[in-house]
Amino acid sequence: VQLVESGGGLVQPGGSLRLSCAASGTIFSFNTMGWFRQAPGKEREFVAGISRSGGVTDYTDSVKGRFTISRDNAKNMVYLQMNSLKPEDTAVYYCAAVRSVRDMTIATATRYDDWGQGTQVTVSS
């Protein structure tokens, strides 16, 4: 599976960004998808996950109410809409995929098989 993220950049606190992840080389609708992030000097952390159908989503507490994960199985795309961004959201954001039998979300990075190259998000005034 090949995953390519886009949409990162520099934004002021309180601003918004929409990250996109394009998937190829797989039957996309068979995959649970996730967004993770890694800030300098910190471990990679789960941000949001979405089930195969898109009907189940999960978020880490620090982004609930601000970020929204969605997917378009017809276009092989997954998105992360990020609103009310804070400086602590600054990190490299990664898209991840794992083939799943069940319609479920997964928050553990080691359970994912495929990763994108990452896109930098910087929140600063």
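Predicted model only: the values in this text are computed from it and were never measured.

Rules of the game
- Residues numbered from 1 in each chain as written.
- Predicted model: local features only at pLDDT ≥ 70, side-chain atom pairs only at ≥ 80, totals over all residues.
- Heavy atoms only, no water.
- Helix = DSSP H or I, 4+ residues; strand = E, 2+ residues; numbered from the N terminus.
- Buried < 20%, exposed > 50% of the residue type's maximum accessible area, 1.4 Å probe, protein only.
- Phe/Tyr/Trp six-rings, centres within 6.5 Å; stacked < 30°, edge-to-face > 60°.
- Pairing = 2+ DSSP bridges.
- Axes fitted to C-alpha atoms, helices over the stretch in contact; angles between N-to-C directions.

Draft legend 1. Examining unusual backbone geometry more closely. The backbone of Asn76 sits at a positive phi, close to 60 degrees, despite the residue not being glycine. The topology assignment puts Asn76 in the loop between β7 (67-72) and β8 (77-82). Unusually for a residue other than glycine, Ser84 sits at a positive phi of about 50 degrees. Of note, Ser84 is situated in the loop between β8 and β9 (91-99). Judged by its relative accessible area of 41%, Ser84 falls in the partly exposed class.

Draft legend 2. Focus on the packing of aromatic side chains. Across all of its chains, the model carries four aromatic pairs by this definition. Ring geometry for Phe36 and Phe46: centres 5.6 Å apart, planes at 70 degrees, overall edge-to-face. With Phe36 in strand β4 (residues 31-38) and Phe46 in strand β5 (residues 45-50), this pair connects stretches of sequence that are 10 residues apart. Taking 5.3 Å as the distance between ring centres and 80 degrees as the angle between the ring planes, the aromatic pair formed by Phe36 and Tyr112 counts as edge-to-face. Pair noted here: Phe36 is in strand β4 and Tyr112 is in the loop between β9 and β10 (114-115), with a separation of 76 residues, a long-range link. Across the pair, exposure class does not vary: Phe36 and Tyr112 are buried alike. Three or more aromatic residues joined by ring pairs form one cluster here, namely Phe36, Phe46, Tyr112 and Trp115.

Draft legend 3. View of the sheet that holds β8. If you walk across this open sheet you meet the four strands as β1-β3-β8-β7, and the pairing is antiparallel. The open sheet has two free edges, formed respectively by β1 (2-6) and β7, since each of these has just one partner strand. The sheet shows a mean angle of 15 degrees between the axes of neighbouring strands, direction not considered.

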